[in-house]
Amino acid sequence: MPTRDASPPLQLSPIVAGLWRLTEWNLDVPARVRWIEQALELGIGSFDHADIYGDYRAEVLFGEALQAAPALRARMQLVTKCGIRLRSAERPYRVNHYDTSAAYVRAQVEQSLRNLHTEQLDLVLIHRPDYLMDAGALAQTFAALSREGKVAHWGVSNHRASQFALLHQQHPLVTHQVELSTLMMDALDDGTLDQAQQLGLRPMIWSPLGGGRLFRDDDAQAVRVRQAMQPIAARLGIGLASLAYAWILRHPSRPHPITGSGRIEGLREAVATLDVRLEAEDWYAIWVASKGHGVP
Amino acid sequence: MPTRDASPPLQLSPIVAGLWRLTEWNLDVPARVRWIEQALELGIGSFDHADIYGDYRAEVLFGEALQAAPALRARMQLVTKCGIRLRSAERPYRVNHYDTSAAYVRAQVEQSLRNLHTEQLDLVLIHRPDYLMDAGALAQTFAALSREGKVAHWGVSNHRASQFALLHQQHPLVTHQVELSTLMMDALDDGTLDQAQQLGLRPMIWSPLGGGRLFRDDDAQAVRVRQAMQPIAARLGIGLASLAYAWILRHPSRPHPITGSGRIEGLREAVATLDVRLEAEDWYAIWVASKGHGVP
Amino acid sequence: MPTRDASPPLQLSPIVAGLWRLTEWNLDVPARVRWIEQALELGIGSFDHADIYGDYRAEVLFGEALQAAPALRARMQLVTKCGIRLRSAERPYRVNHYDTSAAYVRAQVEQSLRNLHTEQLDLVLIHRPDYLMDAGALAQTFAALSREGKVAHWGVSNHRASQFALLHQQHPLVTHQVELSTLMMDALDDGTLDQAQQLGLRPMIWSPLGGGRLFRDDDAQAVRVRQAMQPIAARLGIGLASLAYAWILRHPSRPHPITGSGRIEGLREAVATLDVRLEAEDWYAIWVASKGHGVP
């Protein structure tokens, strides 16, 4: 049933750079170009966007850098997302909502192409599961945009396993972007990572540091996890952030964690962990701290 | 594995009339005949029964009308259900329970045929998931009753996705009857509607008006939903009930809502919405009101 | 994809004897031999172990009996489990954790072979779902140990349906050992027993008497269930324990309950129920008492 994917297989870099907060980094165009070059030098070649990031402005900022240094494009994979209609000054929706209609997906993909000054997006994800998604119609939209050369690969983010299966039956999806961290482990138990492994798809992981809670929050879970992680990090000679990445990278689904940092040092902490293979005992000690109880 | 279904495909009318409360309508036989004729004139050709409705009496009342006006039968689809052993004066069970044994399903189907004065039921549903269901044996019962011409198609109601899959593997089911309304949205998230879409089966929807809660209840959810729906209904120039149906009809599974009204006006409110296509923003505004929080 | 299982089909006895508490029974070797002989005489030919039972000592005690009476081995099926690293004096792990690495599974299987003085284990189960399980690698370990003649069949215990599916896709599993009792009914609703039936696999049931809670606990659920079961047991002329087994055996998945008793009388109570077929009404009366509400 699934249309065969004519594009060559997608190869994301082991660590993916997330541009969620690009608009907050206050980088001028040359600084953005320099930031991208440094990421590439670290081996981070995949850049994760969404149409709505930075109040619909993040793609534009990134695209200005690509326009200024067009040779960069060939050295990277561009990932973006669409499907959320987020309220903003220019889009005064009554409520945030989802839209996976042919017209809207096409419009947003074409907007992302313009924003990013590129001919093709390497990967486009449906950002959230749209209850009103017509899987057959959406698959046709995917196929049409791929035929036109505008999108190489498709995937989804934050879908339940049954929602993923419904769309995957109609069009092959190459990844599922889900939340996972030492503070947020639902994906271990709700079947999404089991499904990814069963289909042989490597997930992308958002919020791998728990949105910063790991470092600063005083809630009981964050304190327990930090206390469990600190001696392990010390023993391994790495920082807390690096250990958080290593904890994710240990998962057998071979996930791609997405960093959210504008500091090159933040990217370096993620890349540094690619050589670290956590012992199962350490991995579970962190799980136990996060859950607040032992394994059954 | 599934036995091929020899019967022609089942075509239910877009709106299905539910006879759950027929015994409360206090209609004599001519009034029942007139009610059926009016429903048919509105394009409602499918009638949803269950052996137990009206303390096992609703089918009998409907059947009296069919006996009085036998030409009606050919213009309609008769749907019924079995599998619940409900306590009643004549059935003094210690507890209500389920029974999907060959003997009981056959007995109830044959009882429904007699009650409804018909040779064949167009669709029979297992009313609730029976933990003691032997899927292989039940599939044989289905096949035998179909071979004998007594039942054209089979389905289930209120099953989990895994329970549906277990039986569907043994005998093809043509629909899943589930609860869905602007006040009760579990089926959106528990995988049952995803499964129906994946299998290409149009679900039937019971309690589409939330059992009347939508109109009269003062609980926080009902108040929120009513307040969200009223301006949308006013803008579209339809009533609250019509909007509740339109909200269901917007779902991509192409559901068949089941009315429960004895008033022809109630049926008209449902049918009137077949032309209304809700905007995604309106659909989600009602979702947000029902959940009490925005989309993620 | 799944490697075909070259071994003849596994036949477990209808009731399986569990050795969880063998170390507490204080039986010397001749008494252990006598206990095994009596179990076999009752038709209980399958014995359920785990590497960790009795602080890693239960298999050793059982194996001493097999060494003393080696003719017994051919009359039984030996089942064991591995994959939990449980803290003990000799294994001072920081936390209990799971390990399904090739090296650990192999080491524990070979340890069980030595403990039990046998050349082959009839069935080995992965004791708990290991989040770090590499399904492909584990399947290779299964295949290698089967090729070497060390393990005839493989299964799992306490896995979610999606976890079971992931491993079963890589290597055929012959059973799923899950908890089920008149006090603990999650497996009825979480899809694991639906999956077992869909795959045609008979589950093994642990803690069929609710760990003894059924007989002695004063919590509301235990009291309700006991009160519902007592008149049914009296009417059937069996004891409470026998009724608890009969309730499980009535399930269409054709489960194998695992006893935990060292008393031959305890085994007899289980075996006695193989002739008892509970009426659906009795089965549901116990369900209702356990849930504290009627069926929907």
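Given the structure is predicted, the values throughout are model-derived calculations rather than measurements.

*Asks:* Kindly report on the pairing of strand β7 (residues 151-157) of chain A, identifying the contributing residues and their values.
*Replies:* Residues and elements named next belong to chain A. Burial within β7 is extensive, with seven of its seven residues counted as buried. Pairing of strand β6 (residues 121-126) with β7, which is carried by five bridges, proceeds in the parallel orientation. Bridge pairing in β7 places Leu-125 opposite Gly-155. Where β7 and strand β8 (residues 176-179) come together, two bridges link them in parallel fashion. Across the sheet, residue Ser-157 finds its bridge partner in β8, namely Gln-177.

*Asks:* Which residues make up the sheet that holds strand β6 (residues 121-126) of chain C, and what values go with them?
*Replies:* All names here are of chain C. Strand order in this closed barrel of eight strands is β1-β2-β3-β6-β7-β8-β9-β10, and the pairing throughout is parallel. This sheet shows a mean twist of 30° between the axes of neighbouring strands, independent of strand direction. Across four bridges, the pairing between strand β3 (residues 77-82) and β6 is parallel. Looking at β6, one finds that Thr-80 is bridged to Val-124.

*Asks:* Tell me about the environment of Ala89(A), and please be specific about residues and values.
*Replies:* With respect to the element layout, Ala89(A) can be found in the loop between β4 (84-85) and β5 (97-98). As a C-alpha pair, Ala89(A) and Asp55(A) span 34 residues in sequence and 9.0 Å in three-dimensional space.

*Asks:* Talk me through the relation of the copies chain A and chain C; I want residue IDs and the actual numbers.
*Replies:* Aligned on chain C, chain A shows an RMSD of 0.0 Å; the corresponding rotation is 120° and the shift along the axis is 0.0 Å. The transformation relating the two chain copies, once decomposed into turn and shift, fits a three-fold axis.

*Asks:* Account for the nonpolar core, naming residues and giving values.
*Replies:* Where a protein is soluble and globular, its nonpolar side chains tend to be buried together. If you look at the biggest cluster of nonpolar residues, it comprises 275 residues, and the most contacted ones within it are Phe47(A), Phe62(A), Phe47(B), Phe62(B), Phe47(C) and Phe62(C). Not counting residues up to four positions away in its chain, the partners in contact with Phe47(C) are Val16(C), Ala17(C), Leu19(C), Trp35(C), Ile36(C), Ala39(C), Leu40(C), Phe62(C), Met76(C), Gln77(C), Leu78(C) and Val79(C).

*Asks:* Before we move on, can you summarise the interface of chain A and chain C with the specific residues and values?
*Replies:* Contacts between the two partners involve 21 residues from chain A and, on the opposite side, 19 residues from chain C. For the pair chain A and chain C, the summed buried surface comes to about 1900 Å²; carbon and sulfur atoms form 56% of the total. Remark: the boundary between chain A and chain C carries three salt bridges. Joining chain A to chain C, the criterion identifies nine residue pairs in polar contact (both at pLDDT 80 or more). Those elements that place two or more of their residues in the side of chain A that touches chain C are α7 (186-189), α8 (192-199), α10 (220-236) and α13 (280-291) of chain A. It is α13(A) that contributes the most residues to the side of chain A that touches chain C, eight residues altogether. Taken together, the residues of the side of chain A that touches chain C break down into eleven nonpolar, four polar and six charged.

*Asks:* Any chance you could break down helix α6 (residues 161-168) of chain A for me, citing the residues and the numbers?
*Replies:* For α6(A), the full list of buried residues reads Gln163(A), Phe164(A), Leu166(A), Leu167(A) and His168(A). Those residues of α6(A) that are buried lie in contact with α5 (135-147), β7, β8 and α8 of chain A together with α7 (186-189) and α8 (192-199) of chain B.

*Asks:* Please provide a residue-by-residue account of the interface of chain A and chain B, values included.
*Replies:* Contact residues are listed per partner, giving 19 residues for chain A and 21 residues for chain B. Across the salt bridge formed by Arg94(A) and Asp282(B), the nearest N and O atoms sit 2.6 Å from each other. Summed over the shared surface of chain A and chain B, the number is nine residue pairs in polar contact (both at pLDDT 80 or more). Secondary structure elements with two or more residues in the side of chain A that touches chain B: β5 and α6 of chain A. Broken down by element, the residue count for the side of chain A that touches chain B peaks at four residues, all from α6(A). Class assignment of the residues belonging to the side of chain A that touches chain B gives a composition of nine nonpolar, five polar and five charged.

*Asks:* How would you summarise the pairing of β3(C) if you had to cite specific residues and measurements?
*Replies:* In terms of residue burial, β3(C) counts as a mostly covered element, since six of its six residues are buried. A two-sided burial pattern is seen for β3(C), the buried positions comprising Gln77(C), Val79(C) and Lys81(C) on one face and Leu78(C), Thr80(C) and Cys82(C) on the other.

*Asks:* Outline the UniProt feature "domain: NADP-dependent oxidoreductase" (unreviewed entry) in chain A, listing residues and values.
*Replies:* Mapped onto this numbering, the UniProt entry gives "domain: NADP-dependent oxidoreductase" (unreviewed entry) at residues 14-286 of chain A. For residues 14-286 of chain A, the end-to-end C-alpha separation is 22 Å, with 44% helix and 15% strand making up the annotated structure.

*Asks:* Kindly report on the sheet that holds strand β3 (residues 77-82) of chain B, identifying the contributing residues and their values.
*Replies:* Residues and elements named next belong to chain B. Spatially, β1-β2-β3-β6-β7-β8-β9-β10 is the arrangement adopted by the eight strands of the closed barrel, whose pairing is parallel. On average, each strand axis in the sheet is tilted by 30° relative to the strand beside it, whichever way the strands run. Relative to strand β10 (residues 256-259), strand β1 (residues 16-18) is paired through two bridges, and the arrangement is parallel. Note on β10: the bridge partner recorded for Val-16 is Ile-258.

*Asks:* Provide a residue-level description of the pattern of salt bridges, including the pertinent values.
*Replies:* Taken as a whole and judged by the stated rule, the model has 57 salt bridges over all chains. The partner of Glu148(B) in a salt bridge is Lys150(B), and the shortest N-O contact between them spans 3.0 Å. Between Asp282(B) and Arg235(B) there is a salt bridge, with its nearest N and O atoms 2.9 Å apart. Residue Asp282(B) is found in helix α13 (residues 280-291), and its partner Arg235(B) is found in helix α10 (residues 220-236); the two are separated by 47 residues along the sequence. Linked through salt bridges whose partners overlap, the residues forming this network are Arg94(A), Arg235(B), Glu281(B) and Asp282(B).

*Asks:* Would you mind going over the packing of aromatic side chains in detail, with residue names and values included?
*Replies:* Residues and elements named next belong to chain A. Summed over all chains, the structure comprises 30 aromatic pairs over all chains. With centroids separated by 5.3 Å and ring planes inclined at 50°, the aromatic side chains of Phe-47 and Phe-62 adopt a geometry described as tilted. A residue pair is termed long-range when its members are at least 10 positions apart, and Phe-47 in strand β2 (residues 46-48) and Phe-62 in helix α3 (residues 58-68) qualify at 15 residues. Comparing Phe-47 with Phe-62 shows no difference in burial state: the two are buried.

*Asks:* Lay out α5(A) with the relevant residues and their values.
*Replies:* All names here are of chain A. The terminal C-alpha atoms of α5, which comprises 13 residues, lie 18 Å apart, in line with the 18 Å expected from a rise of 1.5 Å per residue. For α5, the set of buried residues is Ala-135, Leu-138, Ala-139, Thr-141, Phe-142, Ala-143, Ala-144 and Leu-145. Against α4 (102-115), β6, β7 and α6 lie the buried residues of α5. The positive-phi residue at the C-terminal boundary of α5 is Gly-149, with phi of around 80°.

*Asks:* Provide a residue-level description of unusual backbone geometry, including the pertinent values.
*Replies:* Residue and element names in this part refer to chain C. Even without being a glycine, Asp-55 presents a positive backbone phi close to 55°. Along the chain, Asp-55 falls in helix α2 (residues 53-56). Owing to a relative accessible area of 46%, Asp-55 belongs among the partly exposed residues under this scheme. Within the chain, Arg-254 stands out as a residue other than glycine whose phi angle is a positive 55°. The residue Arg-254 is located in the loop between α11 (240-249) and β10 (256-259) in this model.

Rules used in this analysis
Residues numbered from 1 in each chain as written. Chains lettered and ligands numbered in written order. Predicted model: local features only at pLDDT ≥ 70, side-chain atom pairs only at ≥ 80, totals over all residues. Heavy atoms only, no water. Buried < 20%, exposed > 50% of the residue type's maximum accessible area, 1.4 Å probe, protein only. Helix = DSSP H or I, 4+ residues; strand = E, 2+ residues; numbered from the N terminus. Pairing = 2+ DSSP bridges. Axes fitted to C-alpha atoms, helices over the stretch in contact; angles between N-to-C directions. Least-squares fit on C-alpha atoms with pLDDT ≥ 70 in both. Core = buried A, V, L, I, M, F, W, Y, C linked by side-chain atoms within 4.5 Å. Contact = heavy atoms within 4.5 Å. Buried area = accessible area lost by both parts, 1.4 Å probe. Salt bridge = Lys/Arg side-chain N within 4 Å of Asp/Glu carboxyl O. Polar contact = N/O pair within 3.5 Å; in protein donor to acceptor, adjacent residues only side chain to side chain. Nonpolar A, V, L, I, M, F, W, Y, C, P; charged D, E, K, R; others polar. UniProt positions renumbered as here; feature names shortened; annotations may be inferred. Phe/Tyr/Trp six-rings, centres within 6.5 Å; stacked < 30°, edge-to-face > 60°. Expected span 1.5 Å × (residues − 1).

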